[in-house]
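Listed here are the chains, written in short residue letters.
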Amino acid sequence: MLDRRIEPEIHDFDSLKLPEADYRVLPNGVPLYVINMGDQEVNRIDIMFSAGKYEQSVPLAAEVTNAMLKEGCKGLTSVDIAEKLDFYGAWLQCSVTYHNSYITLYSLNRSFGEVLPLLESVVYEPVFPEKEFRTYIDRSKQRLLVEQEKVQTLVNRTFFEQLFGKKHPYGYPVESTDYDRLTISDLKEYHRNFYSSEYCKIVLSGKISEDMIDIVSRCFGQRSHSSIVTPEVKLYPFVRSDEHFRYVEKSGALQSAVRIGMPVIGREHPDYMKLRILNTVLGGYFGSRLMLNIREDKGFTYGISSSVIGLKQDAYLSVFTQTGNEFVKPLIEEVFIEIERLCNEKIGKEELAMVRSYLIGELARIFDGPFSICDAYISLIANQLDLKYYDRQFEIVRGITSEELQEIASKYFIKDSFYTAVAGQMQ
């Protein structure tokens, strides 16, 4: 009999390993990763294409092509597609990053044979109808005009331009005129160039049967490689700004947005995981130093966070917050005080133990269920990482020392390397 008056013992994880997917290759060469887990008769299929905003030759082509897939395909209107998905209890989601485009379908196992041919048509046979295209463009343009009035948007545009340069895809700010110039022909060309088996990878997760794998093979494993010449992918140079501080005035703003950060080492570097642990101490969770100092102690903001973001061609650290206009300068000063403390002082044992427990818990959540594991695999595939990536991360988190973190801080947190952007009304 369980005695609920007695607190259960807390145990550390002995190990955390990413379950291995069943890797297959479809008849046309498309890689298929099968994650057969779970008790519920549900599944998720992710169709990935190795092309995104970076590969587009016209601004917005990747994003709008992906979004318009649901707006009509061969023989079906957008209403037809939505009604069929709703009838079978399925949900379709599309998204684009800098280097990848995704089409994700959640469905019930009993209707998998009905919804997958529909997904195939949506992915490979879109018609890009004029009326829906114009509606999407008008709504997106209006949404952008609204967003451009917000200090958060202004500071993001400024910060990424500082880090990467305005002409680099990572730093290019979308303008309303880009929507005016985009045409259906641009979408068709982008789709023709990149939505083909050469660029395709598939991850299938949930309670999966061999019959379901056969359906995937019939729908996505028969189309041959495109005969079109592979488009040339440009290499854009980074143009770091000489201005390490930029201020964008927004008249009438009640708050100002602040971003502080710098380029850092990428995932391939042996120090990258240690730097991410250090970032957690700085501002990567609710009990971080930035939160305790700037929110809890000083009351400058409701929330402040920092993150290390790895991209295919670069990586960066970023601190972001919004604050009252009168607190902008002291807030920035406090951020750099915390950064300098990490360089000059060792992290205490209790704080390091807290951060270690938090990060191991976050890793454990990655492995909680087939769809979470699917997300982990998609991240590995998209970033061209090996399957031992999370194993190494767990071992580094479990074994990291205060001395190592101080060394990492001293090595990479160079004050002159940071960029600061502010949008709003500084006082």
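Notes on the structure in this doc start here. For every chain, the first residue of the written sequence is number 1, and numbering continues from 1 onward in sequence order. pLDDT decides what is reported in this predicted model: residues at 70 or higher carry local features, side-chain atom pairs at 80 or more are listed and counted, and totals for whole chains, interfaces and linings draw on all residues regardless. Side-chain metrics rest on all non-hydrogen atoms present in the structure, leaving aside hydrogens and water.

### Structural notes on the layout of surface pockets
So, point 1. For each structure, a 1 Å grid was placed over the protein atoms alone; sets of points admitting a 1.4 Å probe that cannot get out are labelled cavities, open sets with protein on both sides within 12 Å along at least five of seven lines are labelled pockets, and lining residues have an atom within 4 Å of a point. Grid points are joined across faces, edges and corners, and a volume is the space filled by probe spheres set on the points. Its boundaries defined by the atoms lining it, the largest pocket holds a volume of some 950 Å³.
So, point 2. The wall of the largest pocket is formed by 27 residues, among which Lys53, Tyr98, Tyr172, Pro173 and Val174 lie closest to the centre.
So, point 3. Listing elements by their share of the lining of the largest pocket, those giving two or more residues are helix 4 (130–147) and helix 5 (151–164).
So, point 4. Gly falls in the polar group here, along with every residue not listed as nonpolar (Ala, Val, Leu, Ile, Met, Phe, Trp, Tyr, Cys, Pro) or charged (Asp, Glu, Lys, Arg). Along the lines of polarity and charge, the residues of the lining of the largest pocket split into 14 nonpolar, six polar and seven charged.
So, point 5. By volume, the second largest pocket is sized at about 550 Å³.
So, point 6. Contributing to the lining of the second largest pocket are 22 residues, with Tyr102, Arg267, Ser379, Ala382 and Asn383 lying nearest its centre. Comment: elements are numbered from the N terminus, with helices defined as DSSP H or I runs of at least four residues and strands as E runs of at least two.

### Observations regarding the packing of helix 12 (residues 349–366) against helix 14 (residues 389–399)
So, point 1. For the pair helix 12 and helix 14, interaxial distance at closest approach is 9 Å and the crossing angle is 160 degrees. Relative to helix 14, the element helix 12 is oriented roughly antiparallel. Relative to helix 14, helix 12 is oriented so that their crossing is left-handed. Seen from helix 12, the contacting residues are Arg356, Leu359, Ile360, Leu363 and Ile366; seen from helix 14, they are Tyr390, Gln393, Phe394, Val397 and Arg398.
So, point 2. A per-class count over the contact of helix 12 with helix 14 returns seven nonpolar, one polar and two charged. Interaxial angles span 0 to 180 degrees and are taken between N-to-C directions of axes, which are lines fitted to C-alpha atoms, for helices over the stretch in contact. Working definition: roughly parallel below 35 degrees, roughly antiparallel above 145 degrees, roughly perpendicular at 65 to 115 degrees, and oblique for all remaining angles. Each crossing gets its handedness from the near helix: less than a right angle anticlockwise from the far helix is left-handed, clockwise is right-handed. Only heavy atoms enter the contact rule, under which two residues are in contact if any of them lie within 4.5 Å.

### Quick notes on the pattern of salt bridges
So, point 1. Any Lys or Arg side-chain nitrogen located within 4 Å of an Asp or Glu carboxyl oxygen qualifies as a salt bridge. All chains considered together, the criterion is met by 30 salt bridges.
So, point 2. As a salt-bridge pair, Arg24 and Glu210 come within 2.7 Å of each other at their nearest N and O atoms. Taken as a pair, Arg24 in strand 1 (residues 22–25) and Glu210 in helix 8 (residues 210–220) lie far apart in primary sequence, 186 residues in all.
So, point 3. Judged by its relative accessible area of 25%, Arg24 falls in the partly exposed class. Residue burial is assigned from relative accessible area. The probe radius is 1.4 Å, only protein chains are included, and a residue is buried under 20% of its type maximum, exposed over 50%, and partly exposed in between.

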